[in-house]
Amino acid sequence: MATSGKQHTRLGEQAWNKMSKVNAEFFALTYGAMVMQLVQDFEDTAAVNAQLDTMGYNIGVRLIDEFLAKSGTGACADLRDTAETIAKVAFKMFLGVVAEVANWNADGTAFSVVLYDNPLIEFVELPPQHCELLYSNVLCGVIRGALEMVQMKVECRFARDVLRGDDLNEIRVELKEVLAEQMDDQYFEGM
Amino acid sequence: MFLQLFIINKSGSLIFHQDLSPAAPRLSSNDSLRLGSTFHSLHAIAAQVAPIASSGIEKLETATYRLRCLQTLTGAKFVITAQPNTPELEVVLQGIYELYTDYVLKNPFYELEMPIRCELFTQHLEKLVERYNAASR
């Protein structure tokens, strides 16, 4: 496991070096402006959280192809491989930070991505009236959307959030179903 | 020299077709659509009849042209045809896949799985193909 972990880290570094960069402050401020606009538009915090998740999903279903095309990782052997790839390669490639995989459940179908350093929240403090806001919920959506495109249905939620007083960010990912690759229904109707 | 490029989405519809050389055979748009979905079906059948798990058709060689297919893990297929002695088909396909992620998927007005009408993508594609054609001449 140790050697494969290193390999993921190396792939992540390589992908990160290849990507074009954007000023982190600009990125954090843009994201902040967008979240703020949602907060004003929806008022209800749960609706904002859901909206962030949906936006993330729409990003994820497109982003996965860029990840596969440019990261040099092939198909993952199993969910452990997938988890390491998300944490070490994907987070590094797109956000410039490395996450850790932790807290596997007994069946090996759920894990946590632990993020010590979240570039989205560099300047953020949650005021009391928005204490239920999942500020970085877009990340959950991205993971869910991206994995769905490679035939994995997952549920994804923020389990711990530095902004809400926890000591680290933890995104819980639970595998619900592996979609079988199959012909469209149309094909079977014709038979 | 490269001849033609087809991009087929995961449900088997042709979403992009481009002649890459004046030597490419002239296909009506109906013909290329038919070709795209036929290739998709053949690819699927080839994977199904394989005695051990297979990823389907990767290349075809004939006396007058060769074909190379890149199927992405998300299910899209990039198919390129070229004259028999053309090298590096898979490298070009990888390059085209990267262009697709940049200029098609990142275009917010592009709808997933729909036909690709992105001028920027076509421009960069032409540049890429020209570069490889010049190198192999």
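Residues numbered from 1 in each chain as written. Chains lettered and ligands numbered in written order. Predicted model: local features only at pLDDT ≥ 70, side-chain atom pairs only at ≥ 80, totals over all residues. Heavy atoms only, no water.

A. Inspection of the layout of surface pockets at higher detail. Residue and element names in this part refer to chain B. One number sums up the size of the second largest pocket: a volume of about 270 Å³. Lining the second largest pocket are 15 residues, with F6, L35, Y65, L67 and T81 sitting closest to its centre. Among the secondary structure elements, those contributing two or more residues to the lining of the second largest pocket are strand 1 (2–8), helix 1 (29–49) and strand 5 (77–82). The element best represented in the lining of the second largest pocket is helix 1, accounting for five residues. Considered class by class, the residues forming the lining of the second largest pocket number 11 nonpolar, four polar and no charged. (1 Å grid on protein atoms, 1.4 Å probe; cavity = no way out; pocket = protein on both sides within 12 Å on 5 of 7 lines; lining within 4 Å. Points joined across faces, edges and corners; volume = space filled by probe spheres on them. Helix = DSSP H or I, 4+ residues; strand = E, 2+ residues; numbered from the N terminus. Nonpolar A, V, L, I, M, F, W, Y, C, P; charged D, E, K, R; others polar.)

B. Summary view of the sheet that holds strand 4 (residues 169–178) of chain A. Residue and element names in this part refer to chain A. Ordered in space as 1-2-4-3, the four strands form an open sheet in which the pairing is antiparallel. Sheet topology places strand 1 (100–102) and strand 3 (152–160) at the edges, where each strand pairs with a single neighbour. Strand-to-strand, the axes of this sheet are offset by a mean angle of 30 degrees, without reference to chain direction. As paired strands, strand 3 and strand 4 are joined by eight bridges and run antiparallel to one another. Bridge assignment links F158 to a residue of strand 4, and that residue is I171. In the packing of helix 5 (residues 138–149) onto the sheet, the strands contacted are strand 2 (110–115), strand 3 and strand 4, and the crossing angle to strand 3 comes to about 165 degrees. (Pairing = 2+ DSSP bridges. Axes fitted to C-alpha atoms, helices over the stretch in contact; angles between N-to-C directions. Contact = heavy atoms within 4.5 Å.)

C. Just the nonpolar core, in detail. By size, the foremost hydrophobic cluster in this structure holds 78 residues, and its most contacted members are F91 and I171 of chain A together with I116 and F121 of chain B. In this structure F121 of chain B touches I7, F16, I96, L99, Y100, Y103, V104 and I116 of chain B, once residues within four positions along its chain are discounted. Counting residues in each nonpolar core, the second largest holds eight residues, with F39, I57, L67 and V79 of chain B among its members. (Core = buried A, V, L, I, M, F, W, Y, C linked by side-chain atoms within 4.5 Å. Buried < 20%, exposed > 50% of the residue type's maximum accessible area, 1.4 Å probe, protein only.)

D. View of the sheet that holds strand 3 (residues 59–61) of chain B. Residue and element names in this part refer to chain B. Ordered by their spatial adjacency, five strands build an open sheet running 2-1-5-4-3, and the pairing between neighbours is antiparallel. The strands lining the two open edges of the sheet, one partner per strand, are strand 2 (14–19) and strand 3. Each strand axis lies, on average, 10 degrees off the axis of its neighbour in the sheet, ignoring direction. Where strand 3 and strand 4 (residues 66–71) come together, three bridges link them in antiparallel fashion. Looking at the pairing, K59 lines up with R68 of strand 4. Taken strand by strand, helix 1 contacts strand 1, strand 2, strand 4 and strand 5, and its axis lies near 70 degrees from that of strand 1. Set on the sheet, helix 2 (residues 89–105) makes contact with strand 1, strand 4 and strand 5; between it and strand 5 the angle comes to about 135 degrees.

E. Spotlight on the interface of chain A and chain B. At the junction of the two partners, chain A supplies 16 residues and chain B supplies 22 residues. Across the chain A-chain B interface, the total number found is two salt bridges. D102 of chain B serves as the salt-bridge partner of K70 of chain A, at 2.7 Å between the closest nitrogen and oxygen. A per-element tally of the side of chain A that touches chain B places helix 3 (residues 45–71) of chain A first, with eight residues. Residue composition of the side of chain A that touches chain B, grouped by class: eight nonpolar, two polar and six charged. (Salt bridge = Lys/Arg side-chain N within 4 Å of Asp/Glu carboxyl O.)

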